Each structure stands twice: as C-alpha cells, then as structure tokens.
Amino acid sequence: RRIGLKVITDWVDPVTGYSLDAKLCDSDTVIEVDGPSHFVLRGRFALGATAAKQRHLAAAGYTLVTVPYWEWDELRERP
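Residues numbered from 1 in each chain as written. Predicted model: local features only at pLDDT ≥ 70, side-chain atom pairs only at ≥ 80, totals over all residues. Heavy atoms only, no water.

**Considerations on the overall build of the protein chain**
How we decide: Only runs of H or I of at least four residues qualify as helices and only runs of E of at least two qualify as strands under DSSP, and these elements are numbered from the N terminus. Whether two residues are in contact is decided by their heavy atoms, any of which lying within 4.5 Å being enough. Per-residue accessibility takes into account occlusion by the displayed protein chains alone, with areas from the Shrake-Rupley method and a 1.4 Å probe. Just so you know, the count uses Lys and Arg for positive and Asp and Glu for negative, and it drops His and the chain ends. Working definition for charges: the position is that of NZ of Lys, CZ of Arg, CG of Asp or CD of Glu.
The helix and strand tally for the protein chain stands at 2 helices and 4 strands. Referenced to the eigenvectors of the C-alpha coordinate spread, the extents of the protein chain come out at roughly 35 × 35 × 15 Å. Within the protein chain, contacts between residues separated by at least 24 positions form 43% of all contacts whose residues are at least 6 apart in sequence. Carbon together with sulfur atoms contributes 55% to the accessible area of the protein chain, which is approximately 5700 Å² in total. Counting 10 positive and 11 negative side-chain charges, the protein chain places the centres of these two groups 2 Å from one another.

**As for the pairing of strand 1 (residues 7–12)**
Looking down a regular strand, the side chains alternate between one sheet face and the other. What counts is decided by this rule: Strand pairing is assigned whenever DSSP identifies at least 2 bridges connecting the two strands.
In the sheet, strand 1 pairs with strand 2 (residues 19–24) via 5 bridges, with the strands oriented antiparallel. By the bridge assignment, Thr-9 is partnered in strand 2 with Ala-22. Counted between consecutive antiparallel strands, the loop separating strand 1 from strand 2 contains 6 residues, among which Gly-17 sits at a positive phi close to 85°.

**So, the nonpolar core**
In plain terms, the rule: We call a set of buried residues a nonpolar core when its members are Ala, Val, Leu, Ile, Met, Phe, Trp, Tyr or Cys and they connect through side-chain atoms within 4.5 Å of each other. Here the term buried applies to any residue with accessible area under 20% of the maximum for its type, exposed to any over 50%, and partly exposed to those in between, with areas from a 1.4 Å probe on protein chains only.
With 5 residues, the main nonpolar core is built from Trp-11, Leu-20, Val-30, Leu-57 and Tyr-62. Once you skip the residues sitting within four places of it in the chain, Val-30 turns out to touch Trp-11, Leu-20, Ala-22, Lys-23, Tyr-62, Thr-63, Leu-64 and Val-65.

**Details of the pairing of strand 2**
Bridging between strand 2 and strand 3 (residues 29–34) involves 2 bridges; their strand directions are antiparallel. Note on strand 3: the bridge partner recorded for Ala-22 is Ile-31.

**Section: unusual backbone geometry**
Even without a glycine there, the phi angle at Asp-10 is positive, about 50°. Examined against the element boundaries, Asp-10 turns out to sit in strand 1. Backbone geometry places Asp-26, a non-glycine residue, at a positive phi of 55°.

**Digging into helix 1 (residues 48–59)**
Here is the rule: To estimate the expected span of a helix, subtract one from its residue number and multiply by 1.5 Å.
Its 12 residues give helix 1 an end-to-end C-alpha distance of 16 Å, which sits within 8% of 16 Å, the value for a rise of 1.5 Å per residue. Those residues of helix 1 lying buried are Thr-50, Ala-51, Ala-52, Lys-53 and Leu-57. Buried residues along helix 1 sit in contact with strand 2, strand 3 and strand 4 (63–68). Following helix 1 by one or two positions, Gly-61 has its phi on the positive side, about 100°.

So, in structure tokens, the structure goes:
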C-alpha cells in the first residue's frame, strides 16, 4: 500500500478455496507470508501441504509471491 498498490488482505480464492494473505487488485498476483510452521524443522524446505498449495495456485493461473519467515524477519529489522 505504501507504494500505491491496491491490495486485498486475507483474501479467499473462490476457485481453490485457499485463504491467502493478500491479493493485488486487478491482478492475478497473490502473496503469502509463510511462517516457520510452513517449513520442515524450521528450515527452508516447504512442507508438503504448503508446496501443494503453491502448485494448485499456479495451476489455477495465479502468480504467487511467497515471503518466507526468514526474509520477513529481515524486512522487519530494517529501519
């Protein structure tokens, strides 16, 4: 929003039924911020359910932008 993009937060896709963190208005771009529970042993490999969700969204025609917890933490620490 700070850069002028119109965003819908906590959006539910009517096609897949998935709940997503955000969707850019007038776009097929969706955004997920994935916390540690989406990854194997707090690592950097997505769990099966998360990977399946990513594949389903791509197959439905969405461009998925995933922000993993380690990148989100770095962004939050910047002044």
